[in-house]
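Chain residues, written in single-letter form:
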Number of protein chains: 6
Amino acid sequence: MTEDLGRAGDITTDSIIPEEATISAAFVARVPGRIAGLDFAVETFRQLDPEVEIDLLCQDGAPVDPGQSILKVKGRARAVLTAERVALNFVGHLSGIATATRAIVDAVAGTKARITCTRKTTPGLRAIEKYAVRVGGGFNHRFGLDDGILIKDNHVAVAGGITPAIERVKAAVGHMVKIEVEVDTVEQLREALAVGVDAVLLDNMDPPTLKQAVAMIDGRAIAEASGRITVESARAVAQSGVDIISAGWLTHSAPTLDVGLDIV
Amino acid sequence: MTEDLGRAGDITTDSIIPEEATISAAFVARVPGRIAGLDFAVETFRQLDPEVEIDLLCQDGAPVDPGQSILKVKGRARAVLTAERVALNFVGHLSGIATATRAIVDAVAGTKARITCTRKTTPGLRAIEKYAVRVGGGFNHRFGLDDGILIKDNHVAVAGGITPAIERVKAAVGHMVKIEVEVDTVEQLREALAVGVDAVLLDNMDPPTLKQAVAMIDGRAIAEASGRITVESARAVAQSGVDIISAGWLTHSAPTLDVGLDIV
Amino acid sequence: MTEDLGRAGDITTDSIIPEEATISAAFVARVPGRIAGLDFAVETFRQLDPEVEIDLLCQDGAPVDPGQSILKVKGRARAVLTAERVALNFVGHLSGIATATRAIVDAVAGTKARITCTRKTTPGLRAIEKYAVRVGGGFNHRFGLDDGILIKDNHVAVAGGITPAIERVKAAVGHMVKIEVEVDTVEQLREALAVGVDAVLLDNMDPPTLKQAVAMIDGRAIAEASGRITVESARAVAQSGVDIISAGWLTHSAPTLDVGLDIV
Amino acid sequence: MTEDLGRAGDITTDSIIPEEATISAAFVARVPGRIAGLDFAVETFRQLDPEVEIDLLCQDGAPVDPGQSILKVKGRARAVLTAERVALNFVGHLSGIATATRAIVDAVAGTKARITCTRKTTPGLRAIEKYAVRVGGGFNHRFGLDDGILIKDNHVAVAGGITPAIERVKAAVGHMVKIEVEVDTVEQLREALAVGVDAVLLDNMDPPTLKQAVAMIDGRAIAEASGRITVESARAVAQSGVDIISAGWLTHSAPTLDVGLDIV
Amino acid sequence: MTEDLGRAGDITTDSIIPEEATISAAFVARVPGRIAGLDFAVETFRQLDPEVEIDLLCQDGAPVDPGQSILKVKGRARAVLTAERVALNFVGHLSGIATATRAIVDAVAGTKARITCTRKTTPGLRAIEKYAVRVGGGFNHRFGLDDGILIKDNHVAVAGGITPAIERVKAAVGHMVKIEVEVDTVEQLREALAVGVDAVLLDNMDPPTLKQAVAMIDGRAIAEASGRITVESARAVAQSGVDIISAGWLTHSAPTLDVGLDIV
Amino acid sequence: MTEDLGRAGDITTDSIIPEEATISAAFVARVPGRIAGLDFAVETFRQLDPEVEIDLLCQDGAPVDPGQSILKVKGRARAVLTAERVALNFVGHLSGIATATRAIVDAVAGTKARITCTRKTTPGLRAIEKYAVRVGGGFNHRFGLDDGILIKDNHVAVAGGITPAIERVKAAVGHMVKIEVEVDTVEQLREALAVGVDAVLLDNMDPPTLKQAVAMIDGRAIAEASGRITVESARAVAQSGVDIISAGWLTHSAPTLDVGLDIV
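Observations regarding the interface of chain A and chain B
Point 1. Taken together, the contact pairs 62 residues of chain A with 62 residues of chain B.
Point 2. Taking both sides of the interface into account, the surface hidden between chain A and chain B amounts to around 4900 Å²; carbon and sulfur atoms contribute 58%.
Point 3. Along the contact surface separating chain A from chain B lie six salt bridges.
Point 4. For A:Arg126, the salt bridge goes to B:Asp4, with nearest N and O atoms at 2.4 Å.
Point 5. In this assembly, chain A and chain B are joined by 33 residue pairs in polar contact (both at pLDDT 80 or more).
Point 6. Mapped by element, the contributors of at least two residues to the side of chain A that touches chain B are α1 (2–5), α2 (11–16), α4 (77–107), α5 (126–135), β7 (149–151), α6 (153–159), α7 (162–172) and β12 (259–263) of chain A.

Here it is, written out as structure tokens:
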């Protein structure tokens, strides 16, 4: 809230609305989608009015239709109007991510592929954006550089090859850390499998190549497909037999879900 | 960076890359757009390697073509690879906003209308998103609830009318604060002008109504048009003679600009 | 409280007073004045004893006479005695500002002049000192460098004149920002009005010159008088017809209001 | 600086002054006094322009005459003009305290009495206000509730007497902590000396009573006089033979020292 | 808790335990000792479940036997299991210090010597480690460099002697600050007493030398013995007649007290 | 440093040592061990004197003998003496952990067992304590509750069995997360292996049972032994064929390494 309140607070509301006035209002979806972030909305209202009454009409993850009420809030009018925009900014942003995730999850329904996000998140919001992905039915990749090994092409280039890169990692990290390596070709995949890794990131491969890669892996590692995969292209990718499909746009380019506050 | 480094830091890079290794790399645009946020990229690299050499090949606001290099970085390989994603997340997000802003600014070129953003920003990033809007040729609306009065429909509803709402504000705020009021109809506009305000937000009016409103205002207040205005619809809105066009999607729904790091 | 508690807390009180002891005490004014800052006193007591009972005997802004009780506090003796000094420091400082403000507000009663503070505040306390000014019946000028334009003599000197300074500002800032310019002479005032501004700061002018300036402005801008204006000189300044009188000493030199804590 | 810069920074300066412009300016005293806080001014300028050149023309503690230059600053014009007010607020506030302290220190010159401040400081500024007292030639009392024992009347009241209060303290605190007790009468003083303390605060006693108290103490404890002691009354108090004179107004009510920034 | 929760929280517990499940559990001592830090455990559980019911079966300072229950906690299973390790880390660390302190306090029982800790504490934990020493029956030495004077050998070396070091200190510090000086020999002690100090730290002296030092001091200063004093050697040191025995290992090397959480 | 400097800074050093005095000093080991934490010492000195010259005479991980110099520091005497204790507290604590770790690492030399620490760390210091373990030749287990799954006995109890606990985890977590389960008996181990996990924690098993467990696992999971394993007992445990030996005392009970500062 500090970002929005600044030094002088909501000077519009404080000038116009009497301190003791109360109102009832509702969050209403303007478009269809999946809701995420209601806890943040509740927390925002509570910070400004600890006594506010909030009635959640759906839970995070629920589908909503245009015009559908999401939550009702009843309390001090000043608090409700001052908190409105920040609460809506959270709900809109996170619901946008949940909605986008659900769309691609639905697209691969019936295959074994799980959808995951990446580290391409909005600065400062990674934890809550990854939460929104889970709300949408997706799974999370690494939360940061410290909770898993992902050897990328640049690492391989500096290390002088896939094999030395993997071997150095194995000598350094603890036993609870998984190791994944990015491969661009079937030759690189063969080399990675020979040294042994927990997962392979099959980068920018088309479905036939992915199918060949999955066959070569043969269960010895988790197979992750990546590279500009959209709602439209996801099903073909999933049908190649990969375990994981990762998509950066879920967190960096999903448009907000339009939700507004109506006085009731 | 803390968000990405976590408690143990970049365990992939630290395991594979020798501490003394250096590399040269470049940020390269994958698609056309406007660049914004280079200072954040520079700062990110500097935090990890204060000695890093960075060569800016363009400035914030510059147009880029696919394949065009944006900045060159030369320094400790560990620092460059560890900072890469955070630096790119900043540049991608802010360049996305600058690119979207420039598109709508170009759409109204030749009219007197200025493009502004709103308070519909990503939580925590308002100041830098508003900077990206300026980079794209837009202007900023209020930074928060405390640096300007914007009387909205909900305020009017609780206050019992436009006139009492404006009068209460005038009695309360300092002389350096501008007062804007949202109006949905020509009747509301007439009432607002009668009391006197610095600006009016003409909400969801079509171009003919806007033209009528601008005529009624006749220079006595700044005229701002708002309400789902897109790159396609902006020119017609601008030709109604309004001074300001505001658009929330510039900050909440502009997709990231695709930029990558290539070793050179 | 941290500043006062340090690392080891209130070692005097903790050594002497049993943990379960309770007391009743009152804040008592030792001199006449206006009270401000009671919320800070309440918060200070609450931080040390969430169960403390506090009875506000007056509200912020109320006049008090010597010996008059301001608030009663009943709770754990340790908490009350430990919080005493910090709570009194807040109330004394803010009441001192409110008292000073009220004195000058009363001095201009019956004129249209409003009293405002400046940015000459105690480091770190700007927001609450400006609140105390409002409690005393004054209004607030800018809260910081970012919520209004005030072009001062040094800006004009570097810009090479009043006209280019104002024009650069108009080309740069958003439509919700007011523009004020400091002028030292009637000639500068004429130039400023020709370009057009929202307000003019008439610096260090005597009442006859102010009267001449107000006539020249003729309602085209807000007229603010500034420059060592005291309780004694304020009325003559106000009678010149200016809209605003600003005074830095309200926040940087108002002496504390003497208030003490008595056990009851 | 954050308090003054807000979210959008110095929009006046940034709009008017070109990024590459440089200026030279000086802090100039408008009235006589003692300077304190130059390090804070330097730090403020450095935060905005690490390359700024600053020439200190005097040191903290130096006397200044009206019109005397205190420091010269040369650097980016934007940085200098943006930092000006915050730097001046520090120097004005702390110099005001140093000036007030010096006046009372001079008043007791030739006696053995040392001047000290109290815990009646501006919230958040205790450490630097106490520094300004030292700059003015004074000494510091406790920095907080944790670095010395001061048993006050309220403690005595709850404890049921001076003797039990002192005894409880002795049983509880470490060997590096001094114990002082406030006494209002000669009888209380006798009781305190009988139990044994490091210092006694002789509260609101007139000079003859103080003289009697000093004689009774006879070097067995440090004698501190307190209670609305002014520059005018201090000498008579000091001549009673007390070791310490404490005065709260040094930190809570000393007016700012008027210092301005002139372009040179 | 942040340190342990990281970005994604307790993924084990959240995956396995239903949100509504509740459990009862107890902290159980595995070895004998003194308990300290229960408030930190309570606070840790409360942060994760504000409704948790906690029943303290003993207080800080109580002796415990192996198998003895210390506190019972009943609440949301997720909260209890997630908070377990952090709560135990606090209790184990602080109880370890209290247990060690009590052992040496018991060793000197019947003498007048008090046991104190030093500034050799774990970074960031000084205040709570010093609390644990008090819980164990010890007293606290200085909390930091600012709440007492301790002139050490290195200060004496740079100052050019004990006498000038003490004299400089007396000229500089306020009247509420105690002065202690470290001496290694009887000659240094004689010099320190001649100038006059509040306390002397007798460093690394054997009991006969300490006895000689105590006799020379003859009540004119507090006598503190220091230097690798253990539970075994403490009694002989205490019998030399010193007032204080200080021991750094109480805070930097006391092993944790083994306490576990059992579901009941 | 704040913890040690408090509000008034190092009043001893500031009173005695002239501002311009410089000294040379060295950190000297008093006992044999492994050094860790030199970067923290360097940073502490740098914070107080950015110009200080530091000469590292060994690196983190190096063995030291009594009397051996570890680093030389040359700079402002005030800075060196003020920083001394904090710098030593870091080096002593971390070197103590590195020394303890190295002892048990040496004890299992020649076996394939790796030594790891646990989450039983000192509150607030986990990241740097885990670093010290690596310096001593050990490896790290989880950094927190969020970067790996460790299903413990309490989880199994609430879940109603090992199988449902593991299955719930597999349904919930991302593909980069490893899953370990604690087993107390061979029966539990068999059940865990049947469902499939990445690692098993063999809790409190004696070497013969561990040997049997390793045989049953037969390379299908990583085998970790845990439970009060000391330097003395570690070799027998390692010879059972386990991959990992974890020991909590490395971080919670390793005594400090005695290092002092000598002026040279």
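From this point on, the discussion continues.
Let's talk about the sheet that holds strand β5 (residues 69–76) of chain C
Residues and elements named next belong to chain C.
Point 1. Strand order in the open sheet formed by four strands is β3-β5-β1-β12, and the pairing between neighbours is antiparallel. Either end of the sheet is taken by a strand with one partner, and the two such strands are β3 (53–56) and β12 (259–263). Across the sheet, the mean angle from the axis of one strand to that of its neighbour is 20 degrees, orientation sign disregarded.
Point 2. Inspection of the sheet shows β3 paired to β5 by four bridges, in the antiparallel sense. The residue bridging Leu56 from the neighbouring strand is Leu71, located in β5.
Point 3. Lying on the sheet, helix α3 (residues 38–48) is in contact with β1 (22–29), β3 and β5; it crosses β5 at an angle near 10 degrees.

A short note on the packing of helix α4 (residues 77–107) of chain F against helix α5 (residues 126–135) of chain F
Two packed helices can be described by the angle between their axes and the distance between those axes.
Residue and element names in this part refer to chain F.
Point 1. Running from amino to carboxyl end, α4 crosses α5 at an angle of 45 degrees, the nearest separation of the two axes being 7 Å. Considering their axes alone, α4 and α5 lie oblique with respect to each other. Relative to α5, the crossing made by α4 is right-handed. Seen from α4, the contacting residues are Phe90, His93, Leu94, Ile97, Ala98 and Thr101; seen from α5, they are Ile128, Glu129, Ala132, Val133 and Val135.
Point 2. Broken down by class, the residue content of the contact of α4 with α5 amounts to eight nonpolar, two polar and one charged.

Things to note about the relation of the copies chain A and chain B
Between the two copies of this chain, the relationship is a rotation about some axis together with a displacement along it.
Point 1. For the pair chain A and chain B, the superposition axis carries a translation of 0.0 Å, the fit reaches an RMSD of 0.0 Å, and the rotation angle comes to 180 degrees. Considering both components of the superposition, the chain copies are consistent with a two-fold axis.
Point 2. With an isologous cut-off of 70% or more, the 100% of interface residues of chain A that recur at the interface of chain B puts this contact in the isologous class.

Rules used throughout
Residues numbered from 1 in each chain as written. Chains lettered and ligands numbered in written order. Predicted model: local features only at pLDDT ≥ 70, side-chain atom pairs only at ≥ 80, totals over all residues. Heavy atoms only, no water. Contact = heavy atoms within 4.5 Å. Buried area = accessible area lost by both parts, 1.4 Å probe. Salt bridge = Lys/Arg side-chain N within 4 Å of Asp/Glu carboxyl O. Polar contact = N/O pair within 3.5 Å; in protein donor to acceptor, adjacent residues only side chain to side chain. Helix = DSSP H or I, 4+ residues; strand = E, 2+ residues; numbered from the N terminus. Pairing = 2+ DSSP bridges. Axes fitted to C-alpha atoms, helices over the stretch in contact; angles between N-to-C directions. Parallel < 35°, antiparallel > 145°, perpendicular 65-115°, else oblique. Left-handed = near helix turned anticlockwise from the far one by under 90°. Nonpolar A, V, L, I, M, F, W, Y, C, P; charged D, E, K, R; others polar. Least-squares fit on C-alpha atoms with pLDDT ≥ 70 in both.

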